[in-house]
Amino acid sequence: MTTVPEELQYTAEHEWTAIEGSAATVGITDHAQNALGDVVYVSIPAPGTKVTAGEPCGEVESTKSVSDLYSPVDGEVTEVNPEIEENPGLINSDPYGAGWLFKVALPASDGELPPGLLSAAEYEDLIRDDA
Amino acid sequence: MTDPQDPPPRRTPLTGVHERLGATLTSFAGWQMPLRYGSETAEHNAVRTAAGLFDLSHMGEIAVTGSGAAAALDYALVGQPSALAPGRARYTMICAPDGGILDDLIVYRLAEDEFLVVANAANTEVVFRELEARAGADGLGSRHAQVTDLTDDYALIALQGPSAARILAPITDADLTAVKYYASYPATVAGCRLLLARTGYTGEDGFELFARPQDASPLWEALTAAGAADGLIPAGLAARDTLRLEAGMPLYGNELGPDVTPYDAGLGRVVKLGKPGGFVGRAALAKRAEAEPECELVGLAGQTRRIPRHGYPVLWDGVATGTVTSGAPSPTLGRPIAMAYVEADVARQARQAGEEGKPGRLAVDIRGSAEPAVLMPLPFYHRLRHRPA
């Protein structure tokens, strides 16, 4: 069964983000890793890279396909998962945990969520048609 | 995207079983087929180290029977089925008059006057139509050949892997020590009458079971139960593709197609120019056999983790010299592998320059980035050959 944790925000391109204060952690959803199959390679933006919500910022390759990775938020990459290059299979085994991809420092805001993100319920609706 | 006008994909006698197993299904050549059940890498590794179970019921089965069957097939195909002993099988091809490959096939001679031609799902209709048209067109009296599409009459299950014989032996009446590679026998497996063939598309020892559709589910269950202790798991088309790629086996639509002759694909040995009588494509293929090949099908191994995929350009000193036909991460080698057509000159130069196994001037253009690659001899993977157990 595909899981969609309640506390996360989502994109229509199947990324998730966990926003705490001015930091966002980014990964791809359980639904996405299921659809891709075994992930064998990821390219993620290096620390210091400016990313823009809705713009491609990397790639995820599986046995059968390659897809673009989209940033869910605007900001600057502060950290990448140090395990992920050597062990991209973490994206399959633990997409919301050990399979996280990168962290972004969000621009100063007044505590509002970045626009355009989907709630867990909205994302579930989106993927229901794909199932 | 699927065209809304397309008919819904056909279900095999085992599609319900795959759904119960939670398989990811995919539309392939008009059929709904299991792409994978869990991790395709685990399925691949199971076939290399233990065994895997495949539903191949989408493959086409065409019977060619009658006193003129052998002559009709000698005329229709590039091989010489008339030279097969009953019970034996051969890999062969059907070509257009211009020598282009219409499909690659396995032909089983079941009896003196009875052949079973196994075609790729996407090409079954073309092969059937061509066989029908060519039977009787040879002027050799092969009008006495009946061509019948039996695809719906057969479920095809493949049991592949080093443990295949050990798993099968307790549930069949066949003496597997006597079942040769590329041979087929009528047999009983788990109480089901079927045709048991020692063939496959994985580079491993294994069997293909041509069974009645109504026997497919019980057979699948019986094989699953018989193999559980040995690590047998169901395997989907994703694993089948990486297994055949490691084994250097061509796939129609990738390495083979109507604009490719058997010689281009490095498979000139399947063309029996010396067989008696004419055959469709003979003149073009005889000419092609004499010519210097312009391109060569080579094996490549990527030097980075990025995967060369179908259609990506192959570069030599930064200049396009060919095209990748198939590429995938190789679970066995732990690096990306690919087959590609490259200019014969470049292949020769690369070999002479000792490029085989060493990074140098070869690369694959992976979405705009030249990723270094090395030439590898095909096949990438060769199983240790044992006498059939």
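Residues numbered from 1 in each chain as written. Chains lettered and ligands numbered in written order. Predicted model: local features only at pLDDT ≥ 70, side-chain atom pairs only at ≥ 80, totals over all residues.

### Some thoughts on the overall build of chain B
Thinking step 1. Scanning chain B for helices and strands turns up nine helices and 19 strands.
Thinking step 2. A globule of 389 residues ought to have a C-alpha radius of gyration of about 21 Å, and chain B, at 21 Å, matches this closely.
Thinking step 3. The dimensions of chain B, computed from C-alpha atoms along their principal axes, are 60 × 55 × 50 Å.
Thinking step 4. The buried share of chain B, taken over its 389 residues, is 51%. (Helix = DSSP H or I, 4+ residues; strand = E, 2+ residues; numbered from the N terminus. Rg over C-alpha atoms; globule rule 2.2 N^0.38 Å. Buried ≥ 20, exposed ≤ 12 C-beta atoms within 10 Å, placed from the backbone.)

### Here's the deal with the domain arrangement of chain B
All names here are of chain B.
Thinking step 1. Taken as a whole, chain B is organised into domain 1 (15–57 + 154–246), domain 2 (60–152) and domain 3 (292–376).
Thinking step 2. Centre-to-centre separation of domain 1 and domain 2, based on C-alpha positions: 25 Å.
Thinking step 3. Counting residues at the interface gives eleven residues for domain 1, matched by twelve residues for domain 2.
Thinking step 4. Grouping the constituent residues of the side of domain 1 that touches domain 2 by class yields eight nonpolar, three polar and no charged. (Domains from an automatic or database assignment. Contact = placed C-beta atoms within 7 Å. Nonpolar A, V, L, I, M, F, W, Y, C, P; charged D, E, K, R; others polar.)

### Quick look at the packing of helix H3 (residues 69–76) of chain B against helix H4 (residues 124–134) of chain B
Residue and element names in this part refer to chain B.
Thinking step 1. It is the contact of H3 with H4, at a shortest axis distance of 9 Å, that shows an interaxial angle of 115°. When the axis of H3 is compared with that of H4, the two are roughly perpendicular. As H3 packs across H4, the resulting crossing turns out to be right-handed. In contact with Ala72, Tyr75 and Ala76 of H3, H4 contributes Glu130, Leu131 and Arg134.
Thinking step 2. Partitioning the contact of H3 with H4 into residue classes produces four nonpolar, no polar and two charged. (Axes fitted to C-alpha atoms, helices over the stretch in contact; angles between N-to-C directions. Parallel < 35°, antiparallel > 145°, perpendicular 65-115°, else oblique. Left-handed = near helix turned anticlockwise from the far one by under 90°.)

### Points about the sheet that holds strand E6 (residues 56–62) of chain A
All names here are of chain A.
Thinking step 1. Pairing is antiparallel across the open sheet formed by three strands, whose spatial order is E4-E6-E7. Sheet topology places strand E4 (39–43) and strand E7 (66–70) at the edges, where each strand pairs with a single neighbour. Going from strand to strand, the sheet's axes swing by 25° on average, the running direction of each strand aside.
Thinking step 2. Sheet analysis places E6 next to E7, joined by five bridges and oriented antiparallel. Across the sheet, the residue bridging to Glu59 is Asp68, located in E7. (Pairing = 2+ DSSP bridges.)

### Description of the pairing of strand E19 (residues 369–376) of chain B
Residues and elements named next belong to chain B.
Thinking step 1. Where strand E14 (residues 295–302) meets E19, four bridges bridge the pair, whose relative direction is antiparallel. Along E19, the bridge assignment pairs Gly302 with Ala373.
Thinking step 2. Here strand E18 (residues 362–366) pairs with E19 via four bridges, running antiparallel. Bridge pairing in E19 places Ala363 opposite Pro372.
Thinking step 3. Between the end of E18 and the start of E19, which pair antiparallel, lie two residues, with Arg367 showing a positive phi angle near 50°.

### Examining helix H2 (residues 40–49) of chain B
Residue and element names in this part refer to chain B.
Thinking step 1. The element H2 is extensively covered by neighbouring structure, given that seven of its ten residues are classed as buried.
Thinking step 2. Along H2, the residues classified as buried are Glu40, Thr41, Glu43, His44, Ala46, Val47 and Arg48.
Thinking step 3. Along its buried surface, H2 packs onto strand E2 (31–36), strand E3 (52–55), strand E9 (155–160), strand E13 (233–234) and helix H7 (237–246).

### Structural notes on the interface of chain A and chain B
Thinking step 1. With seven residues of chain A at the interface, the matching set in chain B holds eleven residues.
Thinking step 2. Here the side of chain A that touches chain B is composed, by residue class, of two nonpolar, two polar and three charged.

### Overview of the pairing of strand E17 (residues 335–343) of chain B
Side chains on a regular strand alternate between the two faces of the sheet.
All names here are of chain B.
Thinking step 1. Of all nine residues making up E17, seven are buried, and the element is well covered by its neighbours.
Thinking step 2. As paired elements, E14 and E17 share seven bridges and run antiparallel to each other. Within E17, the residue paired with Leu300 across the bridge is Ala338.
Thinking step 3. Across eight bridges, the pairing between strand E16 (residues 319–330) and E17 is antiparallel. Residue pairing across strands places Pro329 opposite Pro336, the latter belonging to E17.

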